[in-house]
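# Fold and contact review
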Amino acid sequence: MLNKIIEQKKIELERLYMPENKMIERKSLYQALTHSDRKPALIAEIKKASPSKGIIRENFNHLEIAKDYKFAKVDAMSVLTDEKFFKGAIQYLIEVKEIVDVPVLRKDFIIDSRQIEQSVQIGADAILLIGEVLEPSQLYEFYQEAYEKGLECLVEVHSIDTLERILKQFSPKILGVNNRNLKTFETSLNQTQELAEYIPKDSILVSESGIHTPNDLNRVREYGAKAVLIGEAFMRLEKPSMGIRALYGEH
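Note that the coordinates shown come from a computational prediction; the quantities given were computed from them, not determined experimentally.

Taking 1.5 Å of rise per residue, 12 residues should cover 16 Å, and helix α1 (residues 2-13) covers 17 Å from first to last C-alpha, within 8% of that figure. Elements in contact with the buried residues of α1: α5 (113-122).

Following this line, the structure appears as structure tokens:
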């Protein structure tokens, strides 16, 4: 599936949409995660579907979800912009960015520097760079280019091998551990536990995928996660904000 997604991205690059550049005030994902009142901090995801689960939210309205997340005072939002496999859209991010006051992460498969420029143009505050998709040297180049253009990066890994190869190049400020294997789509919170001890002390560890209950949240917090990225658990609820309250034990 990962190979299919990357091949599709190559096709999309031939007709890459590049909107007009607007003057957009960018917000720092790093600052938002380090100054959160929640432990761990929360990146809430706006996601309609996924290759492994199909349609997750039938009644999907990205702006209503964003407003509900805003009401719940999430620390940041993640917006899927991949169309074919996740039923996302660049327009979703553009419109969400206009109504929220927290950093917005573009969640997509970045394989070309043109996508970084596109991310700048559509108003993203940060982008996802996937260690299992990019060679470490290329990932570092993209990372530097993004920061030069005012974007921050969530560098995502799944395996210890990938993490070690990246750390030989540099130490990302924000490191995500995807608990879901992108090749098999199996999910285990043990992935965060296994990789936590290898994460540099000055990097923010974000645990991604497979977090559904307060027990799950407590587990990854105990493993060392300073932030979590959660989408599916909230997308299956009529009011995602209620799910956030239940997850964190808020009243």
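Checked against the element boundaries, lysine 201 lands in the loop between α8 (190-196) and β9 (204-208). A residue is classified by how much of its surface remains accessible, and lysine 201, at 81% relative accessible area, is exposed. Between the C-alpha atoms of lysine 201 and valine 133, which are 68 residues apart in sequence, the distance is 25 Å.

Time to look at the packing of aromatic side chains. Applying the stated criterion across every chain yields a total of 6 aromatic pairs. On the numbers, 6.1 Å between centres and 35° between planes, the contact of phenylalanine 86 with phenylalanine 109 is tilted. Of this pair, phenylalanine 86 sits in the loop between β4 (76-80) and α4 (90-99) while phenylalanine 109 sits in the loop between β5 (104-107) and α5, placing them 23 residues apart in sequence. The pair formed by phenylalanine 86 and phenylalanine 109 is uniform in burial state, with each residue classed as buried. Measuring from ring centre to ring centre gives 4.6 Å for tyrosine 143 and phenylalanine 170, while their planes differ by 55°; the resulting arrangement is tilted. Of this pair, tyrosine 143 sits in helix α6 (residues 136-148) while phenylalanine 170 is found in the loop between α7 (160-167) and β8 (174-178), placing the two residues 27 residues apart along the sequence. Accessibility classification places tyrosine 143 together with phenylalanine 170 in one group, the buried group. Members of the aromatic cluster, each reached through a chain of ring pairs, are Tyr140, Tyr143, Tyr147 and Phe170. Sitting over the face of the ring of tyrosine 248, arginine 38 holds its NZ or CZ atom 5.3 Å from the ring centroid.

Along helix α11 (residues 240-248), the residues classified as buried are Pro240, Ser241, Gly243, Ile244, Leu247 and Tyr248. When α11 is viewed along its axis, its buried side chains cluster within an angular range of 155° and face the same direction. The inward-facing, buried residues of α11 contact β1 (41-46), α3 (62-71), α9 (214-223), β10 (227-230) and α10 (232-235). The first or second residue beyond α11 is glycine 249, which carries a positive phi of 65°.

This part is about the packing of α3 against α4. For any two helices packed against each other, one specifies the crossing angle of their axes together with the interaxial distance. Put simply, α3 and α4 touch, their axes get as near as 10 Å, and they point 35° apart. Crossing of α3 over α4 shows right-handed handedness. Along the contact surface, α3 presents His62, Leu63, Ala66, Lys67 and Lys70, while α4 presents Tyr92, Glu95, Val96 and Ile99. Looking at side-chain class alone, the contact of α3 with α4 contains 5 nonpolar, 1 polar and 3 charged residues.

Formed by 59 residues in total, the largest nonpolar core has its most connected members in Leu42, Ile46, Tyr69, Met77, Leu129 and Phe234. Among the elements that line this core, the one with the most residues is α4, at 5 residues. Filtering out sequence-adjacent residues up to four positions away, methionine 77 remains in contact with Ile43, Ala44, Ile46, Ala66, Tyr69, Lys70, Val96, Val100, Val102, Pro103, Val104 and Leu105. Among the nonpolar cores identified, the runner-up in size contains 26 residues, and Leu105, Ile174, Val206 and Leu229 belong to it.

On to the pairing of β10, then. On β10, burial covers both faces: Ala227 and Leu229 on one face and Val228 and Ile230 on the other are all buried. Across 4 bridges, β1 lies against β10 in parallel orientation. Looking at β10, one finds that isoleucine 43 is bridged to leucine 229. Where β9 lies against β10, 3 bridges are found, and the strand directions are parallel. Paired with glutamate 208 across the strands is leucine 229, a residue of β10.

What counts and how
Throughout, residues of each chain are indexed from 1 in the direction in which the sequence is written. Under the rules for a predicted model, residues below a pLDDT of 70 receive no local features and side-chain atom pairs below 80 are neither given nor counted, while totals for whole chains, interfaces and linings still include all residues. Working from all heavy atoms in the structure, the side-chain values ignore hydrogens and water. Secondary structure is summarised from DSSP: a helix means a run of H or I of at least four residues, a strand means a run of E of at least two, and numbering begins at the N terminus for each. Expected helix span is computed as 1.5 Å times (number of residues minus one). Residues count as neighbours in contact if any of their non-hydrogen atoms are within 4.5 Å of one another. Per-residue accessibility, obtained with a 1.4 Å probe over protein chains only, is compared with the maximum for each type, and a residue is labelled buried under 20%, exposed over 50%, and partly exposed between these values. What counts as a ring pair is set by centres within 6.5 Å for rings of Phe, Tyr and Trp (its six-membered ring), and what kind of pair is set by the plane angle: stacked under 30 degrees, edge-to-face over 60, tilted for all other angles. When the NZ atom of lysine or the CZ atom of arginine is within 6 Å of a ring's centre and also within 35 degrees of its normal, the charge is said to sit over that ring. The directions considered for the arc are those from the helix axis to the C-beta atoms. To obtain each axis, a line is fitted to C-alpha atoms, and for helices this fit is confined to the stretch in contact; angles are then taken between N-to-C directions over 0 to 180 degrees. Handedness of a crossing is defined here by the sense of rotation of the near helix relative to the far one, left-handed for an anticlockwise turn of less than a right angle and right-handed for a clockwise turn. Classification used: nonpolar for Ala, Val, Leu, Ile, Met, Phe, Trp, Tyr, Cys and Pro, charged for Asp, Glu, Lys and Arg, polar for all others including Gly. For this analysis, a nonpolar core means a set of buried residues of the types Ala, Val, Leu, Ile, Met, Phe, Trp, Tyr and Cys, connected via side-chain atoms within 4.5 Å. Note: two strands are recorded as paired if DSSP finds a minimum of 2 bridges between them.

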